[in-house]
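# A structural walkthrough
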Amino acid sequence: MSVIRKAAAVGGGVIGAGWVARLILNGIDVSIFDPDPEAERKVSEVMKNSRRAYKTMVPGGLPKEGKLTFAKTIAEAVAGANFIQESVPERLDLKHKVLAEIDKHAAIDAIIGSSTSGILPSDMQTSMKHPERLVVGHPYNPVYLLPLVEIVGGKLTSPEAIETARELYASIGMKPVVIRKEIEAFVGDRLLEAVWREALWLIKDDITTVEELDDIMRYSFGIRWAQMGMFQVYRVAGGEAGMRHFMAQFGPCLSWPWTKLMDVPELTDELVDKIAAQSDEQAHGLSIRELERIRDDNLVAIMDALSRQNKGKGWGAGALYKDYTKQLSKLAKKPAISKAAEKAKSTKPKKKA
């Protein structure tokens, strides 16, 4: 199974910093490049949150952290890395420029993942001389806690690169799902977009408020989705007859004029102000950092609870959480090998058979 020997991150925003945190806390050295003069501070804030969450996950002690280096150039960042994650803003022209630079300086066997939320990998590959090693590795925030990563290959991505990427992401406790066909926004963001669009209409038309809408989600189907997803929940809702009965009973509703999914509400200043004001009121004065810590505590608690279900085997994200925390505990107990010892071991002549 492929493992990450050294990683590089290009882009240190919310997502890029989340990747850095997951890698560092798995004991992997990371070199990051981000031209933002505030990058080091922003990554440091995310690292603080991630350490706090992981100490709750693995109270017996965490692995020795990998070394974090802030590089001055992309070339310096990717030197020696066999795994590179790009997380720059969602502009195709910028992706082209950055990926071409990564491709130029990366080791020939390095896998390059892009955190894009919806750009087709085939469109990003056009600037690369070695496009076969590019995959979309689309995570969910916070990257250091939520395990899913959508892997999407482009027209020029090799099957070997997809399989290696799957192994690399899995090695750091993630749940890789390879998307079968290349499509804009992949799967998760398409579902989120549908819900988000309908939610905007409900707020715009004064049907509900931001807080009321969030309550409707988190006190009902949000809990169901977290532990069983959509289709399995609906299978259960169909009773003993299962999914066929559910679809026969509720399928006709799809033709009823219940939603505005095909219409896009205009984000006027009035609508933006309304949503922002209601969101500010909902926060009750809590800062973003305080909300992030509450979010992280809740996510850890949910996954921890799920890890004890199914006769102790874990269920859904809880099963992976159970394995991941065991992996981290085992890594923490592993004796540290000095860089000199590692070099000596790698250069030691092999005995002839």
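It should be emphasised that the depicted structure is a prediction, and the values quoted were computed from it without experimental measurement.

### Examining the nonpolar core
- Ile-4, Val-20, Leu-23, Tyr-54, Met-57, Leu-145 and Tyr-169 are the most contacted members of the largest nonpolar core, which totals 40 residues.
- At the level of elements, β1 (7-10), α1 (14-25), β2 (30-33), α2 (39-57), β7 (148-153), α6 (159-171), α12 (288-307) and α13 (317-333) are the ones that each hand at least two residues to this core.
- For this core, the element with the most residues is α1, which contributes seven residues.
- The residue makeup of this core includes at least three contributed by each of domain 1 (7-184) and domain 2 (188-332).
- What Tyr-54 contacts, discounting residues up to four positions off in sequence, is Arg-22, Leu-25, Leu-62, Tyr-144, Leu-145, Tyr-324 and Leu-328.
- Counting 25 residues, the second largest nonpolar core, distinct from the first, contains Phe-33, Val-78, Ala-81 and Ile-84.

### Remarks on the sheet that holds strand β5 (residues 111-114)
- Reading across from one edge, β3-β2-β1-β4-β5-β6-β7-β8 is the order of the eight strands in this open sheet, with mixed pairing throughout. Across the chains shown, the open sheet's two edge strands, defined by having one partner strand only, are β3 (68-70) and β8 (175-178). The average undirected angle you get between the axes of adjacent strands in this sheet is 25°.
- Pairing analysis gives four bridges linking strand β6 (residues 134-138) to β7, with the strands arranged antiparallel. Along β7, the bridge assignment pairs Val-135 with Gly-153.

### Description of the UniProt feature "binding site: NAD(+)" (unreviewed entry) in the chain
- When the UniProt feature table is mapped onto this chain numbering, "binding site: NAD(+)" (unreviewed entry) sits at Gly-11, Gly-12, Gly-13, Val-14, Ile-15 and Gly-16.
- Among the structural elements, Gly-11 can be located in the loop between β1 and α1.
- Residue classification places Gly-11 among the buried positions, given a relative accessible area of 8%.
- Residue placement: Ile-15 occurs in helix α1.
- Not counting the four nearest positions on each side in its chain, Ile-15 is found in contact with Ser-87, Ser-115, Pro-139, Asn-141 and Val-143.

### Some details on the environment of Lys-330
- For Lys-330, the position within the fold is in helix α13.
- When the C-alpha positions of Lys-330 and Asp-109 are compared, they lie 28 Å apart, and in sequence the two are 221 residues distant.

### A closer look at α2
- Between its terminal C-alpha atoms α2 stretches 27 Å, which fits the 27 Å expected from 19 residues at 1.5 Å a residue.
- Turning to α2, its buried residues are Ala-39, Val-43, Val-46, Met-47, Asn-49, Ser-50, Ala-53, Tyr-54 and Met-57.
- The secondary structure elements touched by the buried residues of α2 are α1, β2, β3, α12 and α13.

### Describing the domain arrangement of the chain
- Under the domain assignment used here, the chain contains domain 1 (7-184) and domain 2 (188-332).
- Here domain 1 and domain 2 have C-alpha centroids that lie 25 Å from each other.
- Counting residues at the interface gives 31 residues for domain 1, matched by 22 residues for domain 2.
- A buried area of about 2,200 Å², summed over both sides, lies between domain 1 and domain 2, and 57% of it is on carbon and sulfur atoms.
- Together, Asn-49, Arg-52 and Met-57 form the three largest contributors to the area buried by domain 1 at its contact with domain 2, with a combined 24%.
- Along the contact surface separating domain 1 from domain 2 lie two salt bridges.
- The closest approach of N and O atoms between Arg-52 and Asp-297, which form a salt bridge, is 2.8 Å.
- Inspection of the region where domain 1 meets domain 2 yields eleven residue pairs in polar contact (both at pLDDT 80 or more).
- Among the residues forming the side of domain 1 that touches domain 2, the class breakdown is 16 nonpolar, nine polar and six charged.

Reading the values: the criteria
Residues numbered from 1 in each chain as written. Predicted model: local features only at pLDDT ≥ 70, side-chain atom pairs only at ≥ 80, totals over all residues. Heavy atoms only, no water. Core = buried A, V, L, I, M, F, W, Y, C linked by side-chain atoms within 4.5 Å. Buried < 20%, exposed > 50% of the residue type's maximum accessible area, 1.4 Å probe, protein only. Helix = DSSP H or I, 4+ residues; strand = E, 2+ residues; numbered from the N terminus. Domains from an automatic or database assignment. Contact = heavy atoms within 4.5 Å. Pairing = 2+ DSSP bridges. Axes fitted to C-alpha atoms, helices over the stretch in contact; angles between N-to-C directions. UniProt positions renumbered as here; feature names shortened; annotations may be inferred. Expected span 1.5 Å × (residues − 1). Buried area = accessible area lost by both parts, 1.4 Å probe. Salt bridge = Lys/Arg side-chain N within 4 Å of Asp/Glu carboxyl O. Polar contact = N/O pair within 3.5 Å; in protein donor to acceptor, adjacent residues only side chain to side chain. Nonpolar A, V, L, I, M, F, W, Y, C, P; charged D, E, K, R; others polar.

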